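Commentary on secondary and tertiary structure
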Amino acid sequence: MSVTKQETLQQRVNSDRMFERARRTIPGGVNSPVRAFGSVGGNPVFVARAAGATIWDIDGNAYLDYVGSWGPMILGHNHPTVRAAVERAIANGTSFGAPTEAEVELAELVVEIVPSVEVVRLVNSGTEATMSAARLARAVTDRSKVIKFRGGYHGHADIFLVEAGSGAATIGVPSSPGVPSSTAGDTLVAEYNNLPSVERLFDANRDAIACVIVEPVAGNMGCVPPAEGFLEGLRELCTRTGALLIFDEVMTGFRVAPGGAQQLFGVTPDLTTMGKVLGGGLPVGAYGGSEYLMRHIAPDGPVYQAGTLSGNPLATAAGIATLTHLREHPEVYEHIERLGEMMDRGWNALARDEGYPLTWNRVGSMGSVFFTTQPVVDWNSAAAANRDAFTQYFWGMLERGIYLAPSPFEVLFLSAAHTEADIDRTLDAARDVLAEVFSS
Ligand code: KE4
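Cut-off values and rules
Residues numbered from 1 in each chain as written. Predicted model: local features only at pLDDT ≥ 70, side-chain atom pairs only at ≥ 80, totals over all residues. Heavy atoms only, no water. 1 Å grid on protein atoms, 1.4 Å probe; cavity = no way out; pocket = protein on both sides within 12 Å on 5 of 7 lines; lining within 4 Å. Points joined across faces, edges and corners; volume = space filled by probe spheres on them. Helix = DSSP H or I, 4+ residues; strand = E, 2+ residues; numbered from the N terminus. Nonpolar A, V, L, I, M, F, W, Y, C, P; charged D, E, K, R; others polar. Domains from an automatic or database assignment. Contact = heavy atoms within 4.5 Å. Buried area = accessible area lost by both parts, 1.4 Å probe. Salt bridge = Lys/Arg side-chain N within 4 Å of Asp/Glu carboxyl O. Polar contact = N/O pair within 3.5 Å; in protein donor to acceptor, adjacent residues only side chain to side chain. Buried < 20%, exposed > 50% of the residue type's maximum accessible area, 1.4 Å probe, protein only. Near = heavy atom within 4 Å. Areas by Shrake-Rupley, 256 points an atom, 1.4 Å probe, with all protein chains shown as cover.

1. Some details on empty space enclosed by the protein
Within the structure shown, the criterion is met by 5 cavities of 30 Å³ or more. Roughly 120 Å³ of volume is contained in the largest cavity. Looking at the largest cavity, the residues that line it are Gly367, Ser368, Val369, Phe390, Tyr393, Leu404, Ala405, Ser407, Pro408, Glu410, Val411 and Leu412. Looking at the lining of the largest cavity, the elements that each hand over two or more residues are β12 (366–370) and α14 (387–399). The biggest single contributor to the lining of the largest cavity is β12, with 3 residues. For the lining of the largest cavity, the per-class residue count stands at 8 nonpolar, 3 polar and 1 charged.

2. Some thoughts on the domain arrangement of the protein
For the protein, the domain assignment lists domain 1 (13–78 + 330–439) and domain 2 (81–328). Between the C-alpha centres of domain 1 and domain 2 there is a distance of 25 Å. Contacts between the two partners involve 34 residues from domain 1 and, on the opposite side, 37 residues from domain 2. Of the roughly 2,900 Å² buried where domain 1 meets domain 2, counting both sides, 66% is carbon and sulfur surface. Remark: the boundary between domain 1 and domain 2 carries 0 salt bridges. Seen at the junction of domain 1 and domain 2, the total is 11 residue pairs in polar contact (both at pLDDT 80 or more). Secondary-structure elements contributing two or more residues to the side of domain 1 that touches domain 2 are α12 (331–352), β11 (359–363), β12 and α13 (379–383). Of the residues forming the side of domain 1 that touches domain 2, the biggest block, 4 residues, is contributed by β12. Looking at the side of domain 1 that touches domain 2 residue by residue, the class counts come to 21 nonpolar, 9 polar and 4 charged.

3. Some remarks on the pattern of salt bridges
Scanning the model with the defined rule gives 17 salt bridges in all. As a salt-bridge pair, arginine 327 and glutamate 112 come within 2.8 Å of each other at their nearest N and O atoms. One end of the pair, arginine 327, is in helix α11 (residues 313–328); the other, glutamate 112, is in helix α3 (residues 101–113), with 215 residues separating them in the sequence. Notably, a salt bridge pairs glutamate 337 with arginine 362, separated by 2.9 Å at the nearest N-O pair. Here the residue glutamate 337 occupies a position in helix α12, and arginine 362 occupies one in strand β11, the gap between them amounting to 25 residues. Glutamate 337 gets classed as partly exposed once you look at its relative accessible area, which sits at 29%. Residue arginine 362 is classed as buried on the basis of its relative accessible area of 17%. Through salt bridges with shared partners, one network takes in Glu291, Arg295 and Asp300.

4. Concerning the site of the ligand
The local shell around the ligand holds 17 residues, among which Ser32, Thr127, Asn220, Asp248 and Glu410 are the closest. Here glycine 126 contributes a backbone N or O atom positioned 2.9 Å from an oxygen atom of the ligand. Between the ligand and serine 166, the relevant distance is 3.3 Å, taken from a nitrogen atom to a side-chain nitrogen or oxygen of the residue. Burial of the ligand by the protein chains amounts to 87% of its free accessible area of 540 Å².

See below:
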């Protein structure tokens, strides 16, 4: 079925006006750079509301949403169970700055679900989680250097804004101004899926490396799965050298499997960082690991980390509702996997049978289309893909009512709310759009 541009899609006049107004008081008109559509040009869509797999903009246009708030919405937007939990919590107040039962319940769920976590600290974002985990690794090892991967994104803490992916990659400053060379100098950059590049850094910095931080499935250079043996190799290297292995599961946690990538691939990190799904759409991040490591964190130990709203009652209510629903409905993962397999067949047919120059990568409910005929296995191969084609694809899909991440270095997220009909519609639209993109 040919999917023509939806005549009902009104011009986004209200979004355009709101963007102009927003730019007067907010940097770039947004509170997170990637939302500004900088990578694809044009003005962002201002969202009014969302439910299930649909978002509506402030002009009344509806879109099938594959951004899912950049990962939290594995159950779909505005899930009744999550909403009811937050409504119950807010009736008791919004924040107390004192310990609450909900924080304990959420921590117990994380410990139960994530294989390597015995003790966990809740924070407010993925950035706080990774920043704190790196500080802990440096404290425990008494070493200062950190290995990350080119195109890996771990939030905006100074030490990670070196050759970073996600939004940092789209605005051309993967190493941000304001990060002093004294800090950036402690950040060593290896190539994803390239163990020798990691071994060379260990050899050149013997006994100086505190940790290796890795997205066990890369999601910030687009979706790049770990090559066979890659995660196992990192585990062996860290064990042998005394560096800590940090799995940044802010995106993969509770998503690619109930226990995250460490459960899916059977590799045990020393520390795990979490976020997104963990908060069900409200601000929750977390970092956790063994009893021994986590007891170094204040006030048990000397490694300081704090937060006014950490463990916030509304956020923990949303997180508990989300994780509990996922635990009680494992069929969610089966549903999402079926949809993912439909995507595999569809995208691979567009490449193989219809000859479009694209590569499709997927792990569980996160996937990416790259406009290249080469395998995409690391930053360089992701960055070599045709960005102009991506931009035309993005806008063509948007005009057909399909809302994708506005950057080639992000993933699309499937949720429990997406249906087989949604996937069929998406692939039909893609076939239509690609015919336009590659005819010109
Ligand atoms: P936050 O500080 O944005 O909660 O989490 C940072 C972070 C850490 N680790 C990984 C693997 C992540 O993907 C992220 C944040 N992801 C981006 C999307 N690729 C958030 C979107 C944005 O920056 O607006």
